[in-house]
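Below are the chains, spelled out letter by letter.
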Amino acid sequence: MANNAVLDPTLDRSFAACSHPIRRGILERLSEREMTVGEATKDFGVSKPAISKHLKVLEEAGTIVRVIDGRTHRLRLRAEPLDDAYGWMSRQRELWERKLDTVEEYLREQREQEGHKRRQAASDNQDKEAK
């Protein structure tokens, strides 16, 4: 049976939010403080429609909240969906570290066995030469 996290659309949206450098840049800026849309998106070198699409992905993922005050749109980071993604990645890291530790142990044992065989062969050769 599949792990529930694998089938979690919220997790998928969190990863989608982080999958583009502009969106990651916006999230990094908002990690410092709440900003206007202009402050959070300046100097990315893309059109306003492109910025709007990126903001839509971030909003749909729940990673940002937009507060509208008259004509001013302010953005605030909402870290909970990113925390869920971090938790998933941490679990994957632990899993792979355990697997790699097992491989490392196996390779160490193989090297030790090979060294033992070489030492035994050398000792056998010395015994034969001594006779």
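Note that the structure is predicted; figures quoted are calculated from it, not measured.

(A) Up close: the packing of aromatic side chains. The full count for this structure, using the stated rule, is one aromatic pair. Note on Phe15 and Trp88: the rings are 5.5 Å apart at their centroids and 80° apart in plane angle, and the pair reads as edge-to-face. Taken together, the positions of Phe15 in helix α1 (residues 9-17) and Trp88 in helix α5 (residues 80-130) put the pair 73 residues apart, joining distant regions of the chain. Stacked on the ring of Trp96, the Lys or Arg Lys99 has its end atom at 4.7 Å from the ring centre.

(B) Main features of α5. The terminal C-alpha atoms of α5 lie 74 Å apart, and with 51 residues this matches the ideal 75 Å at 1.5 Å per residue to within 8%. Of all the residues in α5, the buried ones are Pro81, Leu82, Ala85, Gly87 and Gly115. Of the surrounding elements, those touching the buried residues of α5 are α1, α2 (21-32), α4 (48-61) and β3 (72-77).

(C) Spatial organisation of the side chain of Arg23. By the element assignment, Arg23 lies in helix α2. One buried charge, Arg23, has no salt-bridge partner; the nearest side chain with opposite charge is Glu60, at 9.3 Å. At a separation of 3.0 Å, a polar atom in the side chain of Arg23 contacts the main-chain carbonyl oxygen of Ala16. Apart from residues lying up to four places away in sequence, Arg23 is in contact with Ala16, Ala17, His54, Val57 and Leu58.

(D) Structural view of a nonpolar patch on the surface. The grouping of Val103, Tyr106 and Leu107 at the surface amounts to a nonpolar patch, some 290 Å² of accessible area in total. Its location among the elements puts Tyr106 in helix α5.

Thresholds applied
Residues numbered from 1 in each chain as written. Predicted model: local features only at pLDDT ≥ 70, side-chain atom pairs only at ≥ 80, totals over all residues. Heavy atoms only, no water. Phe/Tyr/Trp six-rings, centres within 6.5 Å; stacked < 30°, edge-to-face > 60°. Helix = DSSP H or I, 4+ residues; strand = E, 2+ residues; numbered from the N terminus. Lys NZ or Arg CZ within 6 Å of the ring centre and 35° of its normal. Expected span 1.5 Å × (residues − 1). Buried < 20%, exposed > 50% of the residue type's maximum accessible area, 1.4 Å probe, protein only. Contact = heavy atoms within 4.5 Å. Lys, Arg positive; Asp, Glu negative; His and termini not counted. Salt bridge = Lys/Arg side-chain N within 4 Å of Asp/Glu carboxyl O. Polar contact = N/O pair within 3.5 Å; in protein donor to acceptor, adjacent residues only side chain to side chain. Patch = residues over 30% accessible without salt bridge, like charges linked within 9 Å, V, L, I, M, F, W, Y side chains within 5 Å. Areas by Shrake-Rupley, 256 points an atom, 1.4 Å probe, with all protein chains shown as cover.

Purely geometric stuff here, so don't read any function into it on its own.
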